[in-house]
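Residue-level structural notes
For reference, the chains in residue letters:
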Amino acid sequence: MPPSAPETPGLPDADTDGYGDASVRVLSCLQPGGYVSSDSDCDDSDAVINPTTSWYGDVDGDGYGDLSAMIQQRPALGSVLDATDCNDSDALINPDTAWYADIDLDGFGDPSSEIVQCAQPLGYVMDGQDCNDSNASINPNSSWYADIDGDGYGDVSSMIQQCSQPAGYVGDSSDCNDGGSAGRTRPPPGTPTPTTTATATPW
Ligand SMILES: [Ca+2]
Ligand SMILES: [Ca+2]
Ligand SMILES: [Ca+2]
Ligand SMILES: [Ca+2]
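Fair warning: this is a prediction, and the values are worked out from it, not measured in the lab. (Residues numbered from 1 in each chain as written. Chains lettered and ligands numbered in written order. Predicted model: local features only at pLDDT ≥ 70, side-chain atom pairs only at ≥ 80, totals over all residues.)

**Looking at the overall build of the protein**
Rules: In DSSP terms, a helix is any run of H or I states spanning at least four residues, a strand is any run of E spanning at least two, and both are numbered starting from the N terminus. To assign burial, the other C-beta atoms lying within 10 Å of each residue's own C-beta are counted, with C-beta atoms placed from the backbone; 20 or more indicates buried, 12 or fewer indicates exposed, and intermediate counts indicate partly exposed. Throughout, a pair of residues is in contact if the C-beta atoms placed from their backbones lie within 7 Å.
Counting its secondary structure elements, the protein contains zero helices and 13 strands. In the protein, the order of α-helices and β-strands from amino to carboxyl end is β-β-β-β-β-β-β-β-β-β-β-β-β. The buried share among the 203 residues of the protein stands at 27%. Within the protein, counting contacts between residues at least 6 apart in sequence, those at least 24 apart form 43% of the total.

**Observations concerning the sheet that holds strand E9 (residues 124-125)**
Just so we agree on the cut-off: At least two bridges found by DSSP between two strands is the condition for calling them paired.
An order of E8-E7-E9 is seen for the three strands of this open sheet, with the pairing classed as antiparallel. Both edges of this open sheet fall to strand E8 (115-116) and E9, since each of them pairs with a single strand only. In this structure, strand E7 (residues 98-101) lies alongside E9, joined through two bridges in antiparallel fashion. Paired with Tyr100 across the strands is Val125, a residue of E9.

**Side note on the pairing of strand E10 (residues 142-146)**
Across the five residues of E10, four count as buried, placing the element largely inside the fold. In this structure, E10 lies alongside strand E11 (residues 155-161), joined through four bridges in antiparallel fashion. What sits directly across from Trp144, in E11, is Ile160. Summarising the sheet, E10 and strand E12 (residues 169-170) pair through two bridges and their orientation is antiparallel. Looking at E12, one finds that Ala146 is bridged to Tyr169.

**A short note on the sheet that holds strand E6 (residues 79-80)**
Spatially, E5-E4-E6 is the arrangement adopted by the three strands of the open sheet, whose pairing is antiparallel. Unpaired on one side and paired on the other, strand E5 (70-71) and E6 mark the two borders of the sheet. Where strand E4 (residues 55-57) meets E6, two bridges bridge the pair, whose relative direction is antiparallel. Paired with Tyr56 across the strands is Val80, a residue of E6.

**Quick word on the nonpolar core**
Under the convention used in this document: Only buried residues count toward a nonpolar core: Ala, Val, Leu, Ile, Met, Phe, Trp, Tyr and Cys, linked into one set through C-beta atoms within 7 Å.
Grouped together as the largest cluster of nonpolar side chains are seven residues: Ile138, Trp144, Tyr145, Ala146, Tyr169, Val170 and Ala198. Those elements giving two or more residues to this core turn out to be E10 and E12. Looking at this core, the element that brings in the most residues is E10, giving three residues. With residues up to four places along the chain from it excluded, the contact list for Tyr145 reads Gly154, Asp155, Val156, Ser158, Met159, Tyr169, Val170, Asp172 and Ser173.

This is a description of form; function is not addressed.
Listed below in structure tokens is the structure:
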């Protein structure tokens, strides 16, 4: 590099990206080592950040920027270097988002089917709590009823809501006497035969 003209300002370029720190200015005829004539480096500790750096809007504040919202200047509040946010209006959706297959379409996904990516894969949901993804009536909203007398009919007053069927519980809730002193009591005639299928609460 040729020497600078007399009294040309020199700015230190600590990160050696060719852009200097305007807050530290020296006047020198010869260009000092480590100094450049540009004073436009807003961050002289990081060579990646200089006036040619591309910044991307991060409206949802998840740390991932929107490729379509690029600026090339000192970053405004809410701009980041990343440009991989496929949905910059939802902080829960970004390249770190986990998706789970929901084959039975109950809105709850199979935890063993996790895919991590930004865009929602077809047939996948954000939830990963479905313990049985082949039966839409069994999911974390399922209701189970205690069946103390073991007749397959449960007590409506003793309900647990969870995905997997607890021991001693059934999906039926039609036992009017679940092991009372009168002993085993069948539901009234005409009551449908109970099954182990739980009742899913609409969500
Ligand atoms: Ca974002
Ligand atoms: Ca986002
Ligand atoms: Ca499911
Ligand atoms: Ca019972």
